[in-house]
Amino acid sequence: MVKMKYLLIGVLIVIIGIVVVFNFFRSEEKKVKKRFHFLSEWVSKSPDENAFNMLQKNKKIGTLFDEPCELKVPSHSLSGSYKRDEIMSYAMSARSHVSQLDLKFYDFNIVFPEKEIAKVTLTARLLGKSTVGEQVDETRELECVLKKIGKKWLFSAIEVVEVLKK
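**Quick look at the overall build of the chain**
- Looking only at helices and strands, one finds 3 helices and 6 strands in the chain.
- Going residue by residue from the N terminus, the α and β elements of the chain occur as α-α-β-β-α-β-β-β-β.
- For a compact globule of 166 residues, the expected C-alpha radius of gyration is about 15 Å, and the chain comes in at 21 Å, more than 25% above that figure.
- Taking the principal axes of its C-alpha atoms as reference, the chain extends roughly 80 × 45 × 30 Å.
- Partitioning the contacts of the chain with sequence separation of at least 6, the portion at a separation of at least 24 is 53%.
- For the chain, the accessible area works out to roughly 11,300 Å², and carbon and sulfur atoms hold 60% of it.
- Of the charged side chains in the chain, 28 are positive and 21 negative, and the gap between their average positions amounts to 8 Å.

**Considering the environment of serine 44**
- Mapped onto the secondary structure, serine 44 falls in the loop between helix H1 (2-43) and helix H2 (51-62).
- In this structure the C-alpha to C-alpha distance between serine 44 and phenylalanine 105, which are 61 residues apart in sequence, comes to 12 Å.
- For serine 44, the contacting residues outside a window of four places in its chain are Glu49, Lys57, Arg95, Leu101, Asp102 and Leu103.
- Among the polar contacts listed, one links the side chain of serine 44 to the backbone oxygen of serine 40, at a separation of 2.6 Å.
- Within the local environment of serine 44, its side chain forms a polar contact with the backbone nitrogen of leucine 103, the two atoms lying 3.2 Å apart.

**Structural notes on the side chain of serine 130**
- On the secondary structure map, serine 130 appears in strand E4 (residues 117-130).
- For serine 130, a relative accessible area of 12% corresponds to the buried category.
- Excluding its chain neighbours within four sequence positions, the residues that come into contact with serine 130 are His97, Val98, Ser99 and Val136.

The rules we used
Residues numbered from 1 in each chain as written. Predicted model: local features only at pLDDT ≥ 70, side-chain atom pairs only at ≥ 80, totals over all residues. Heavy atoms only, no water. Helix = DSSP H or I, 4+ residues; strand = E, 2+ residues; numbered from the N terminus. Rg over C-alpha atoms; globule rule 2.2 N^0.38 Å. Contact = heavy atoms within 4.5 Å. Areas by Shrake-Rupley, 256 points an atom, 1.4 Å probe, with all protein chains shown as cover. Lys, Arg positive; Asp, Glu negative; His and termini not counted. Charge placed at Lys NZ, Arg CZ, Asp CG, Glu CD. Polar contact = N/O pair within 3.5 Å; in protein donor to acceptor, adjacent residues only side chain to side chain. Buried < 20%, exposed > 50% of the residue type's maximum accessible area, 1.4 Å probe, protein only.

What follows is the structure in structure tokens.
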């Protein structure tokens, strides 16, 4: 009877531990996904966006990145370590060449290899229209590393993965 009581208490402690760990990682996963939601929202551009809103979004984009942040985008010859101001400058330049832009993220795979580090593999789709009327439709696989600094998850590295075509 006494052994059964200790066994029941042990099982209960294990279950509580699993629930706590699951909820902790689940909430951190939601916080990481939220950063991608913000990036999507602030990179996206509507045809009627004015210059003031464009500047505000650009400032917000800068708040998502660690300093420095490693960027590797082989298709655009962009590779290296960049400061927030440089990233904001690239974002402003890219957004000025489009009249409409929509960025969406899909297929999240989030792992936490170390405390306060998240590695995320996902698919990004960019749809829009350039200022000269050309359609933009790009889908890329990304590998991102986010670090938790203070209470915020910041992008520390973003790499566009080259996918082989058949």
